[in-house]
Amino acid sequence: MTFLSEKNRILAHCLRFQYRYIVILLVLLLSLPLLLNAIKHHPLPLGSESYFHLSRLGGGEIGFIPFYWLLALPGAAIIVPPLLGLLSMILFLAIARSVNISRRFTFLFSLLLLFSPPFLAAFTTISTYGYLTSLLLLGFFLLTRGKITQGKDWLALVPFLLASFLDIFSGILVLLLVGWYWYRWRKKYAFLSVLVIIFLLNGLVLQAPLFLGPFHAGEFWRDLIADFGGNGIGFFLIVLAVIGLAVTWKQREFLALYFVLPVVLGSYIINTETILPLTLIITAFATMGLITLFDRPWKRKLLQRFTLLVLILGLLFSWLSYVDRVTSIGPSAADQIALTWIRNHVPDSAVILSDPENGYYLSYFAQRTPLLQFHQPENLLLGQAIFSSSYITALFPLLDQHNITVLYITPTMRARQPADQGFLFLLKNERFKLRYANEGYEVWQYGTIR
């Protein structure tokens, strides 16, 4: 008997009551980041993407995302993401039971996923791909629950259509997964034809973006592997996934994942915001890798126990490193105070220069239009030219040409820029006036604000 055998008394007990254990653990893990930020009096929800959505809502851009209406309710922006995470997990457990996925695989997959930073980040922020995951699971839940739909598979079309309107990548993912489902089990193509028409409408007529983001400066390895300081996947989870890939490539049940994996991996290379779909696939392969590793006979039980301990500690380290960083995701309490000062003291017409990630906070808290935002790449090269300026003869013409009169400087920006040369050093020029300073957050005026 091995550690992961269903005859193991501890695992057998966990499998018997896995639904309640998984749900309770999920509630605790999703509550922790919000609680830690609330203790530090940081604004909630977390993350720049959250404030991208909230600022769009404030501007009346409802779009095709139904939960935008919910976000207008008091406290909904904090409550809705964790509720979507809870709904997603409940739907997954129900689907797994309907299609006879083994209880052991379901439990281990859920456990690995719960301690994965991308999953936790997606459902403690207002996340496009967290919402996409919820809609996909709801659609497949309706397809696999005959007692509820009573053969009316068209009910599942509603969540799939909503998911298709998020961006082009979401539409591609919906078409791939639904296409595989109908080819593998139903072989009815009218349902899929409707999705193809909607996908073409969204791309050709509505001209939806390929990705809704990015909302931060993506770094491939840092965003992929949590141990490198980002909110990515744990290193040991990737190791287990490699083992899973090696043992499942001939298994029919995993062909759909092999079908989708190149698309999801390619999307991540282009835009690291798509880490959540990649995490789901990697976790599935990692689960099979974990089962394979501990189902095989070990000559030395002590080595087996040590290996399991190392894996557990590695996964916990990735999770703990995420928890340690979660209070620095932003915005901070000092951020909110400074941005509120801007809203009260800077004219609406002022053009404000800051780091692109701060653009979403400026839009929401300061209610001002920033010059730079990641999802609007047309000005990002201009921002690089300004921040890399070393002489006033290069900097001042750029500021004058684009009517920039206010600069918002944060501690993060100062940490990235040298203090004795370059852009920050040029702020000592007499044409710049410090209008606000608190806890490293500064507002500078350039020339006359119009």
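One can find the structure itself at the top, above this paragraph.
All values derive from a computational prediction rather than experimental measurement.

Participant: So what's going on with the overall build of the protein chain? Residues and values would help.
Facilitator: Each helix and strand in the protein chain was counted, giving 23 helices and four strands. At 24 Å, the protein chain has a C-alpha radius of gyration in line with the 22 Å of a compact globule built from 450 residues. Each principal axis of the C-alpha distribution contributes one length, and for the protein chain these read about 75 × 55 × 35 Å. Relative to its 450 residues, the protein chain shows a buried fraction of 53%. Long-range pairs, those at least 24 residues apart, make up 70% of the contacts in the protein chain with a sequence separation of at least 6.

Participant: A description of the packing of aromatic side chains should follow, citing residues and the corresponding values.
Facilitator: Summed over the entire model, instances satisfying the criterion amount to 28 aromatic pairs. When the ring of F52 is compared with that of Y360, the centres are 6.0 Å apart and the planes differ by 85°; the resulting orientation is edge-to-face. Taken together, the residues span a long stretch of sequence, with F52 in helix 3 (residues 48-58) and Y360 in helix 19 (residues 358-366) at a distance of 308 residues. Between W341 and Y436 the ring centres are 5.4 Å apart and the planes differ by 35°, which places this aromatic pair in the tilted class. Taken as a pair, W341 in helix 18 (residues 333-345) and Y436 in strand 3 (residues 432-438) lie far apart in primary sequence, 95 residues in all.

Participant: Provide a residue-level description of the nonpolar core, including the pertinent values.
Facilitator: Formed by 118 residues in total, the largest nonpolar core has its most connected members in M89, F119, F160, I342 and Y408. Among the elements that make up this core, the one with the highest residue count is helix 16 (residues 275-295) (13 residues). Judged by nonpolar contacts, the second largest core, of 21 residues, contains I386, I404, L424 and L426.

Participant: Break down empty space enclosed by the protein for me, citing the residues and quoting the values.
Facilitator: Within this structure, the stated rule accounts for one cavity of 30 Å³ or more. The calculated volume of the largest cavity comes to roughly 60 Å³. Forming the walls of the largest cavity are twelve residues, and the residues nearest its centre are P81, L84, T125, I126 and S127. Elements with a contribution of two residues or more to the lining of the largest cavity: helix 4 (67-71), helix 5 (76-98) and helix 8 (128-144). When residues of the lining of the largest cavity are assigned to their parent elements, the largest contribution, three residues, is made by helix 5.

Participant: An account of helix 8 is needed here, citing residue identities and associated values.
Facilitator: Between the first and last C-alpha of helix 8 there are 25 Å, a value that for 17 residues agrees with the 24 Å anticipated at 1.5 Å per step. Of all 17 residues in helix 8, 16 are buried; the element is thus mostly enclosed. If you check the start of helix 8, you find a side-chain oxygen 3.4 Å away from the backbone N of Y129, and it comes from S127.

Participant: With reference to specific residues and values, describe the sheet that holds strand 4 (residues 441-446).
Facilitator: Spatial strand order, 1-2-4-3: four strands in an open sheet with mixed pairing. The open sheet is flanked by strand 1 (351-353) and strand 3, the only strands paired with a single partner. Each strand axis lies, on average, 25° off the axis of its neighbour in the sheet, ignoring direction. Where strand 3 and strand 4 come together, six bridges link them in antiparallel fashion. Paired with L434 across the strands is W444, a residue of strand 4.

About the cut-offs
Residues numbered from 1 in each chain as written. Predicted model: local features only at pLDDT ≥ 70, side-chain atom pairs only at ≥ 80, totals over all residues. Heavy atoms only, no water. Helix = DSSP H or I, 4+ residues; strand = E, 2+ residues; numbered from the N terminus. Rg over C-alpha atoms; globule rule 2.2 N^0.38 Å. Buried < 20%, exposed > 50% of the residue type's maximum accessible area, 1.4 Å probe, protein only. Contact = heavy atoms within 4.5 Å. Phe/Tyr/Trp six-rings, centres within 6.5 Å; stacked < 30°, edge-to-face > 60°. Core = buried A, V, L, I, M, F, W, Y, C linked by side-chain atoms within 4.5 Å. 1 Å grid on protein atoms, 1.4 Å probe; cavity = no way out; pocket = protein on both sides within 12 Å on 5 of 7 lines; lining within 4 Å. Points joined across faces, edges and corners; volume = space filled by probe spheres on them. Expected span 1.5 Å × (residues − 1). Polar contact = N/O pair within 3.5 Å; in protein donor to acceptor, adjacent residues only side chain to side chain. Pairing = 2+ DSSP bridges. Axes fitted to C-alpha atoms, helices over the stretch in contact; angles between N-to-C directions.

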